[in-house]
Amino acid sequence: MIGVILLLILLAQATLSYTLFEDQNPFLALLGVLQITLFFGSMIVMIRHFRNRKTTDYRKGFNAFGVMIASGVPALGFFLFGIIYLLTHVVFIKYFGYGVAVAMFFAILSGIIWGRWNWKVHTVELSFENLPKESDGVKIVQISDIHVGSFFDKHDKVEKAIRKINQLEADFVFFTGDLVNNIAEEMFGWEPVFSKIQAKEGKFSILGNHDYGDYVPWDKEETKRSNLSKLISIHKEIGFTPLLNEAVELRPGFWLLGVENWGKAPFRQSGELGKTLENVPKSAFKILLSHDPSHFDEQVTSTDIDLTLSGHTHGMQFGIERFGIKWSPVSLRYKKWAGLYHVGKQFLYVNRGFGYLGFPGRVGIYPEITEIVLRSI
């Protein structure tokens, strides 16, 4: 699959470059040289810096990734028009393709400059027959995939989002994993910022696949375990109660379950849903925090859990959610990738993510704060 994608990228790049150089137009030729230099130069820088993933400074690698996307993806946008032009030699088609490529470039640029900081509040109201009457109207705020190492010390930007969270006056705040990109040290200095998140009755959290340190080399397994222990301690320092395959009764008959990461291969499967459910009454209303939405179809639908909250996909940070259209390339891998889904009486909500990873931007799929209001029927 990766080989096919790389081949498509190279073919698109070759098509764009050929059309830019074919007429020997000085302006187009200069544009072609600039585009090739930025694309391949940023790719080299990105690969070089991503080799050192055990770091707290992702600036060069992520910025290079951004330049690569901004210079390379427009070539993919031009590709179809370029092929048609080469077959028909209709000049209008070539220039129309250029227009599409330029529009994509500015959309990506906007996503880098503005989109990644454009937090959106998504409000959902759900009704349940077995929700205790005393909990009718309970308000939950969900955030997910903070990836704090990607924020490059932009405390003021993140504090703006936290003010939005606090304005919702939630009864509970749930965080569904991926606090860091790779190592606990990324959170150093951010504790006072995230400690400002407020909830009337409690804040709870789980781990995501990036929290375990699986994607960086460690000298010793003991060092890796120590890193995870430190990260769990940081959850507590900022006021969250981490749930590691555990369940807690929030109110009479109202239970919260939290599992460790469980995802389809190659993602780790540390979540133990059976163990987490052991001491939860059958008649209780149950909310599950599980980072990866694939867990819902694989295991959760065979239980009586009422509502599952997940994240993980980020909506791929690229897509469209306008004019009745909802699509992202990540939908090719995850059937349930953003927003609300239900199977029978069970609901799944997939948060689009609070932060970002790799590409330092969001195009069409903006960072999310989810407000969920529960109703008793």
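Residues numbered from 1 in each chain as written. Predicted model: local features only at pLDDT ≥ 70, side-chain atom pairs only at ≥ 80, totals over all residues. Heavy atoms only, no water.

1. A look at the overall build of the protein
From N to C terminus, the protein includes nine helices and 14 strands. The C-alpha radius of gyration of the protein comes to 23 Å, within 12% of the 21 Å expected for a compact globule of 377 residues. Across its three principal directions, the C-alpha atoms of the protein cover 75 × 45 × 35 Å. Residue burial in the protein is summarised as follows: out of 377 residues, 53% are buried. Residue pairs in contact within the protein that sit at least 24 positions apart in sequence constitute 75% of those at least 6 positions apart. (Helix = DSSP H or I, 4+ residues; strand = E, 2+ residues; numbered from the N terminus. Rg over C-alpha atoms; globule rule 2.2 N^0.38 Å. Buried < 20%, exposed > 50% of the residue type's maximum accessible area, 1.4 Å probe, protein only. Contact = heavy atoms within 4.5 Å.)

2. Some remarks on a positive patch on the surface
Residues Lys 154, Lys 157, Lys 160 and Arg 163 make up a contiguous surface patch of positive charge. The residue Lys 154 is located in the loop between strand E2 (139–143) and helix H5 (155–167) in this model. (Patch = residues over 30% accessible without salt bridge, like charges linked within 9 Å, V, L, I, M, F, W, Y side chains within 5 Å. Areas by Shrake-Rupley, 256 points an atom, 1.4 Å probe, with all protein chains shown as cover. Salt bridge = Lys/Arg side-chain N within 4 Å of Asp/Glu carboxyl O. Lys, Arg positive; Asp, Glu negative; His and termini not counted. Charge placed at Lys NZ, Arg CZ, Asp CG, Glu CD.)

3. Section: the environment of Gly 274
Structurally, Gly 274 can be placed in helix H8 (residues 273–277). Classification of Gly 274 by relative accessible area gives exposed; the value is 52%. Sequence separation of Gly 274 and Val 259 is 15 residues, and the distance between their C-alpha atoms is 9.9 Å.

4. Some words on the packing of aromatic side chains
Counted under the stated rule, the structure contains 25 aromatic pairs. Taking 5.3 Å as the distance between ring centres and 75 degrees as the angle between the ring planes, the aromatic pair formed by Phe 105 and Phe 106 counts as edge-to-face. According to the relative accessible area criterion, Phe 105 is partly exposed, its value standing at 31%. Every member of this aromatic cluster is reached through a ring pair, and the members are Trp 117, Trp 119, Phe 151, Trp 190, Phe 194, Phe 354 and Tyr 356. The ring of Tyr 212 carries Arg 268 above its face, with NZ or CZ at 3.9 Å from the centroid. Just above the ring of Trp 337 sits the side chain of Lys 326; from NZ or CZ to the centre is 5.4 Å. (Phe/Tyr/Trp six-rings, centres within 6.5 Å; stacked < 30°, edge-to-face > 60°. Lys NZ or Arg CZ within 6 Å of the ring centre and 35° of its normal.)

5. Considerations on the sheet that holds strand E6 (residues 246–251)
Read from one edge of the open sheet, six strands run E6-E7-E8-E9-E13-E12, paired in mixed fashion. The open sheet has two edge strands with one neighbour each: E6 and strand E12 (339–343). Averaged over neighbouring strand pairs, the angle between their axes works out to 20 degrees when direction is ignored. (Pairing = 2+ DSSP bridges. Axes fitted to C-alpha atoms, helices over the stretch in contact; angles between N-to-C directions.)

6. Brief notes about empty space enclosed by the protein
Applying the stated criterion across every chain, the model contains one cavity of 30 Å³ or more. Here the largest cavity defines a volume of roughly 40 Å³. Lining the largest cavity are Ile 143, Ile 146, Phe 175, Leu 179, Phe 194, Ile 197, His 235, Ile 238 and Phe 240. Here the lining of the largest cavity is composed, by residue class, of eight nonpolar, one polar and no charged. (1 Å grid on protein atoms, 1.4 Å probe; cavity = no way out; pocket = protein on both sides within 12 Å on 5 of 7 lines; lining within 4 Å. Points joined across faces, edges and corners; volume = space filled by probe spheres on them. Nonpolar A, V, L, I, M, F, W, Y, C, P; charged D, E, K, R; others polar.)

7. So, the sheet that holds E2
Strand pairing in a sheet takes place through backbone hydrogen bonds and is either antiparallel or parallel in direction. Strand order in the open sheet formed by six strands is E1-E14-E2-E3-E4-E5, and the pairing between neighbours is mixed. Only two strands of the sheet have a single partner each, and these edge strands are strand E1 (120–128) and strand E5 (241–242).

8. Overview of the side chain of Lys 336
Relative to the helices and strands, Lys 336 is located in the loop between strand E11 (325–327) and E12. What makes Lys 336 buried here is its relative accessible area of 15%. A distance of 2.9 Å separates the side chain of Lys 336 from the side chain of Asp 297, its partner in a polar contact. Those residues within four positions of Lys 336 in sequence are excluded, and the remaining contacts are Pro 293, Phe 296, Asp 297, Tyr 341, Val 343, Leu 348 and Val 350. (Polar contact = N/O pair within 3.5 Å; in protein donor to acceptor, adjacent residues only side chain to side chain.)

9. Some words on the pattern of salt bridges
In the structure shown here, the tally under the stated rule is 19 salt bridges. With a shortest N-O distance of 3.0 Å, Lys 94 and Asp 23 are connected by a salt bridge. Taken as a pair, Lys 94 in helix H4 (residues 91–113) and Asp 23 in the loop between helix H1 (2–22) and helix H2 (26–50) lie far apart in primary sequence, 71 residues in all. Under the relative-accessibility criterion, Lys 94 is labelled buried at 1%. Classification of Asp 23 by relative accessible area gives partly exposed; the value is 46%. Between Arg 268 and Asp 214 there is a salt bridge, with the nearest N and O atoms lying 2.9 Å from each other. Placement of the pair is Arg 268 in the loop between strand E7 (254–258) and H8 and Asp 214 in the loop between strand E4 (202–205) and helix H7 (221–237), with a sequence separation of 54 residues. For Arg 268, a relative accessible area of 26% corresponds to the partly exposed category. Here the salt bridges do not stand alone but share partners, grouping Glu 22, Asp 23 and Lys 94 into one network.

Coordinates in, geometry out; function isn't part of it.
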